[in-house]
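What follows is each chain in one-letter form.
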Amino acid sequence: MAFTRATAQLAEKLTGKLTGLTESLTEKHHLSSRSVRTRVGLAGAAALTVTGVVGAAATPAIAAPEGGSGTYALGFVQAMAVGDTIADDVRAQAQAQQRVADAAEEKAEEAEKAAAEREAAEKREAEKAAAEKREAAEAERANERADRSAERRSATGYVDPVAGVDTTTTYKQAGASWSSGKHSGIDFPANTGTPVRSVGPGTVVTVGWGGAYGNQVVIRHDDGKYTQYAHLSATEVSAGQKVDGGQHIGAVGSTGNSTGPHLHFEARNGAHYGSDFNPITYLAGKGVDV
């Protein structure tokens, strides 16, 4: 008895759900007369399914209305087919929406990538423009220095040792790189092979290896002062040779105790180490600004 009641309840629930689905479909398609037959067919199919009754004779629960045997036979199948069609439509719509979302996401990623590439290109262009501006300014300063040096040379016969190059390490700058603990001259950074010239007229007193100075040239000038040119990659004069201000005597290098190509320049009261004084002051007294 309990099993029969449970089975009847389940059949009733299933019949109600199928009837509701049928009514909904019927209202949508305005098939009023057909809906009656379909509901009966669905109710009967539900009852047959739950109770397991299969036979040629129909019970009152599954009896078709008058003149509606054909509809009853197909009603349940038609309802299931409509349900499957709706499910397929929903799946197709969901898939279409997903494709649209995927396309939008891909488009957004492409736009973001393009924006990043534009930003990087603009940054490179800005850096390039800034570098070109710096180079132009440096070239202009070099030309101005060269012009000033040419004018002063005509008046005093003295020039800077490397044309158009600003100094870096200053005179008496402290540091462990020098044996005395202080820098005994000034440095002119330049590429290896850049011409080095005598700052004024005089006589070459030393050419050759100078230990920590590397390849060097020392010149005694007509005023009795000495200048030293160190770390040279090559020399172009010999001891005892007379030179003029601006005459090439060697080339920038990085020989001896050096961290990179540059000219180490000193002004001295004597020919040997330890007699140095401020080379900027010496050149300024000759009308040369470095």
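Think of each chain on its own: its residues are numbered from 1, step by step along the sequence as written. With the structure being a predicted model, the display of local features is reserved for residues of pLDDT at least 70 and the display and counting of side-chain atom pairs for 80 or more, all residues being used for whole-chain, interface and lining totals. Note that water and hydrogens are dropped before the side-chain values are worked out from all heavy atoms of the structure.

Asks: Could you give an account of the sheet that holds strand β2 (residues 195–197), with specific residues and numbers?
Replies: Being paired, for any two strands, means DSSP has found at least two bridges between them. Here a strand is any run of E in DSSP of at least two residues, a helix any run of H or I of at least four, and the numbering for each starts at the N terminus. Overall, antiparallel pairing links the 3 strands, which are arranged β2-β8-β6 in an open sheet. The open sheet has two edge strands with one neighbour each: β2 and β6 (234–235). Relative to strand β8 (residues 248–251), β2 runs antiparallel, the two sharing 3 bridges. By the bridge assignment for β8, arginine 197 is matched with histidine 248.

Asks: Break down a negative patch on the surface for me, citing the residues and quoting the values.
Replies: What makes a patch is a set of residues exposed beyond 30% relative accessible area and free of salt bridges, joined within 9 Å when like-charged and within 5 Å when nonpolar (Val, Leu, Ile, Met, Phe, Trp, Tyr). In short, Shrake-Rupley with a 1.4 Å probe defines the accessible areas, and a residue's cover is counted only from the protein chains shown. Put simply, a salt bridge is a Lys or Arg side-chain nitrogen that is within 4 Å of an Asp or Glu carboxyl oxygen. Here Asp and Glu are counted as negative and Lys and Arg as positive; His is not counted, and neither are the chain ends. Charged side chains are reduced to one point each, which is NZ for Lys, CZ for Arg, CG for Asp and CD for Glu. A surface patch of like charges, here negative, comprises Asp102, Glu105, Glu106, Glu109, Glu110 and Glu112. Think of it in three bands: residues with accessible area under 20% of the maximum for their type are buried, residues over 50% are exposed, and the middle band is partly exposed, with areas taken using a 1.4 Å probe on protein chains only. According to the relative accessible area criterion, glutamate 109 is partly exposed, its value standing at 48%.

Asks: An account of the environment of serine 233 is requested, with residue identities and associated values reported.
Replies: Within the secondary structure layout, serine 233 lies in the loop between β5 (226–232) and β6. Here serine 233 falls in the partly exposed class, since its relative accessible area comes to 35%. Linking serine 233 and threonine 255, residues 22 residues apart in sequence, is a C-alpha distance of 6.6 Å. By definition in these notes, contact holds between two residues if any of their heavy atoms fall within 4.5 Å. Excluding residues within four positions of it along the chain, serine 233 makes contact with Thr192, Gly193, Asn215, Ala251, Val252 and Gly253. We call two N or O atoms a polar contact when they sit within 3.5 Å, provided that within protein one can donate a hydrogen and the other can accept it, with sequence-adjacent residues counted only if both atoms are side-chain atoms. Within the structure, the side chain of serine 233 is placed 2.8 Å from the backbone oxygen of valine 252, a separation counted as a polar contact.

Asks: Give me the lowdown on the pattern of salt bridges, citing residues and values where you can.
Replies: All chains considered together, the criterion is met by 4 salt bridges. Between arginine 91 and aspartate 88 there is a salt bridge, with its nearest N and O atoms 2.1 Å apart. Of this pair, arginine 91 and aspartate 88 both sit in helix α3 (residues 69–156), separated by 3 residues, roughly a single helical turn. Here arginine 91 falls in the partly exposed class, since its relative accessible area comes to 46%. According to the relative accessible area criterion, aspartate 88 is partly exposed, its value standing at 38%. Between arginine 197 and aspartate 160 there is a salt bridge, and its shortest N-O distance comes to 2.5 Å. Here aspartate 160 lies in the loop between α3 and β1 (186–189) and arginine 197 lies in strand β2, a separation of 37 residues in the sequence. For aspartate 160, a relative accessible area of 0% corresponds to the buried category.

Asks: I'd love a proper account of the pairing of strand β4 (residues 215–221), names of residues and values included.
Replies: For β4, the tally of buried residues reaches 5 of 7 residues, placing the bulk of the element in the interior. Of the pairings in the sheet, the one linking strand β3 (residues 202–209) to β4 comprises 7 bridges and is antiparallel in character. Considered in β4, the bridge of threonine 203 is made with arginine 220. Following β3, the chain reverses through 5 residues before pairing antiparallel with β4; glycine 211 in that reversal takes a positive phi of roughly 65°. Note: β4 against β5, 5 bridges, orientation antiparallel. Across the sheet, the residue bridging to valine 218 is glutamine 228, located in β5. Here β4 folds back onto β5, and the loop between the two strands holds 4 residues, one of which, glycine 224, carries a positive phi near 90°.

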